[in-house]
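Here's the letter readout for the chains.
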Amino acid sequence: MARIARKTISYLLKIGIVLLTIWFVYRHLNHNQNLFEFVNRIHQIGQTQFYTVIIAVTILMFVNWILEAAKWQYLTKLLEKMSLWKAIEAVFCGLTMAIITPNRIGEYGGRILYLPVRKRVHGIFAMAVGSFGQNTVTNVIGTLSLVCFIYKYLNLNSWLSLSLTFLAMVFIFLMLLFYFRIRWLVFLLDKIKFLKKYHRFFSIMAKYSFPQLVVIMLFSLARFAVFSSQYYILIHILLPDLHFIPVMLMVFNLFFIQSAIPSLDLLDIGVRNFIANYLFGFITTQSVAIMACVSCIWLINLIIPALLGSVFVLKLNFFGNNT
């Protein structure tokens, strides 16, 4: 009887997640005028270019998430041997659950459900190492870009600029230090009395060696390069007069600021558009085109993978191993 109850609950949960995802996506796509603006503008350029750009950006989307899957496969080597395809399923499943949860927290749940029950809590901390690596890349590059932005576009006095530069360098140093010495975090957690009894779960973070952390960061850098390229391709096709360096400077700042703001993925598009509109306002007056590009990236990088991931949600077993 208990087995039947578990299967029923599991089935209802899966159907509920899929239906909620579809409803959320439909609701927000139906009210996103920037996507319609993007289609209108890119159709004006020419049908051949339209399909070429969309195919290129979509291919890069798959490259991006396959790289993340390879990183997840690498991270879970300390827990169990996972095939690349299973890692891909876990990543896409996580994306489905991410868009309906605050600050993408559901992404953790989607991925760890592909691990054996006894390894799922460990998987949360393994994924935290990967997220830390990605955030370190985003924050280091973003901080350097922010310093360049301050000197080039903001008229601050020299002392304030130098002070901000110094703080930026300290921040970068601390980010890199704590990433490559992540075992210090385990040491600090051990010092918290009520957390010490959970040492067997979070101690996995200390098991990643320096070479392994370097590999994880290289995966993160590769992903950063891929989704930066997506932005440049779309912006360049709509606004060809903009130069490469100013565009990438604003894109890196967009990633940096966006990473610091907690949000719900489906509502995140409004935040992205607001930030992008402000930043790119320093190099172009074509704010509608910029917001159209941001909305297109949001659709291709998050919404399409989330819908694809709903197929894998149906394969989940919430109470045991997945076959």
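Since the structure is predicted, the reported quantities are computational estimates derived from the model, not experimental observations. Here the residue index of a chain counts from 1 through its sequence in written order. Totals for whole chains, interfaces and linings use all residues, but because this is a predicted model, local features are given only for residues with pLDDT of at least 70 and pairs of side-chain atoms are given and counted only at 80 or more. With hydrogens and water excluded, all non-hydrogen atoms of the structure serve as input to the side-chain values.

Draft legend 1. Representation of the overall build of the chain within the structure. From N to C terminus, the chain includes 14 helices and zero strands. Each helix is a run of H or I in the DSSP string that is no shorter than four residues. Each strand is a run of E no shorter than two, and both are numbered from the N terminus. Starting at the N terminus, the α and β elements of the chain follow one another as α-α-α-α-α-α-α-α-α-α-α-α-α-α. When each of the 323 residues of the chain is scored for burial, the buried share is 49%. Of the contacts made within the chain by residues no fewer than 6 positions apart, 75% connect residues no fewer than 24 positions apart. A total of about 16,400 Å² of accessible surface is found on the chain, and carbon and sulfur atoms cover 70% of it. Relative accessibility decides the category of a residue: with a 1.4 Å probe and only protein chains considered, values under 20% of the type maximum give buried, values over 50% give exposed, and everything between is partly exposed. In what follows, a contact means two residues having at least one pair of non-hydrogen atoms within 4.5 Å. Surface exposure here means Shrake-Rupley accessible area, sampled with a 1.4 Å probe, where a residue is shielded only by the protein chains that are shown.

Draft legend 2. Geometry of the environment of Lys86. Secondary-structure assignment places Lys86 in helix 4 (residues 84-98). The class of Lys86 is partly exposed, set by a relative accessible area of 22%. As for Lys86 and Tyr114, which are separated by 28 residues in sequence, their C-alpha atoms are 7.7 Å apart.

Draft legend 3. Expanded view of the pattern of salt bridges. By convention in these notes, a salt bridge is any Lys or Arg side-chain nitrogen within 4 Å of a carboxyl oxygen on Asp or Glu. Applying the stated criterion across every chain, the model contains six salt bridges. Arg111 serves as the salt-bridge partner of Glu68, at 2.8 Å between the closest nitrogen and oxygen. Within this pair, whereas Glu68 is found in helix 3 (residues 47-75), its partner Arg111 is found in helix 5 (residues 106-112), the two being separated by 43 residues in sequence. Classification of Glu68 as buried rests on a relative accessible area of 6%.

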